[in-house]
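What follows is each chain in one-letter form.
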Amino acid sequence: MGVLSTSPSNMDTCIEACFQCLRACEECLTACLQEPDVQTRVKCIQTLNDCAEICNQSVQYMSRNSAFSPQLCGLCATICEQCAEECEQLKDTHCQECAKICRQCAEECRKMAG
């Protein structure tokens, strides 16, 4: 259920998944920047940033019930999948957990995209 009664409740699960993914990506990005092999993580860090940004934007679009939400959620699913693939290549716990959350978000976004 949305914060206001006018919020679209059919999007709640996807909005929550995007919020969780946004947070996971930001936390993972911060952790990756502190790893000793940070130079080998550049592509992953860039993808984490892209994923966090598209999740945030998807939440905004869904919250205002934008007609473009399905298309944006489709793109979000694609980026979340790519982020999961990047994170899975690294063996850190934070990367592995982030990958799982990204895949869950991608699944919810695909449902929204129709």
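Residues numbered from 1 in each chain as written. Predicted model: local features only at pLDDT ≥ 70, side-chain atom pairs only at ≥ 80, totals over all residues. Heavy atoms only, no water.

## Focus: the overall build of the chain
Right, on to step 1. Across its full length, the chain carries 4 helices and 0 strands.
Right, on to step 2. Listing the helices and strands of the chain from first to last along the sequence gives α-α-α-α.
Right, on to step 3. Relative to the globule expectation of 13 Å for 114 residues, the C-alpha radius of gyration of the chain, 14 Å, shows essentially globular dimensions.
Right, on to step 4. With the C-alpha coordinates of the chain rotated into their principal frame, the extents come out at 45 × 25 × 15 Å.
Right, on to step 5. When the 114 residues of the chain are sorted by exposure, 45% land in the buried category.
Right, on to step 6. Long-range pairs, those at least 24 residues apart, make up 69% of the contacts in the chain between residues at least 6 apart in sequence. (Helix = DSSP H or I, 4+ residues; strand = E, 2+ residues; numbered from the N terminus. Rg over C-alpha atoms; globule rule 2.2 N^0.38 Å. Buried < 20%, exposed > 50% of the residue type's maximum accessible area, 1.4 Å probe, protein only. Contact = heavy atoms within 4.5 Å.)

## Looking at the environment of Asp92
Right, on to step 1. Looking at the secondary structure, you find Asp92 in the loop between helix H3 (69-88) and helix H4 (93-113).
Right, on to step 2. Once the C-alpha coordinates of Asp92 and Cys55 are considered, the two residues, 37 residues apart in sequence, prove to be 23 Å apart.
Right, on to step 3. Not counting residues within four places of it along the chain, the set of residues in contact with Asp92 comprises Glu35 and Arg41.

## Details of the side chain of Glu81
Right, on to step 1. Here Glu81 is to be found in helix H3.
Right, on to step 2. Residue class for Glu81 comes out buried when judged on its relative accessible area of 19%.
Right, on to step 3. For Glu81, the side chain forms a polar contact with the side chain of Arg103, separated by 2.3 Å.
Right, on to step 4. Excluding anything up to four places from it in sequence, Glu81 contacts Arg103, Ala106 and Arg110. (Polar contact = N/O pair within 3.5 Å; in protein donor to acceptor, adjacent residues only side chain to side chain.)

## Points about the packing of aromatic side chains
Any aromatic ring pair is given by two values, namely how distant the centres are and how the planes are angled relative to each other.
Right, on to step 1. Across all of its chains, the model carries 0 aromatic pairs by this definition.
Right, on to step 2. Seen from the ring of Tyr61, Arg64 lies directly overhead, with NZ or CZ sitting 4.5 Å from the centre. (Phe/Tyr/Trp six-rings, centres within 6.5 Å; stacked < 30°, edge-to-face > 60°. Lys NZ or Arg CZ within 6 Å of the ring centre and 35° of its normal.)

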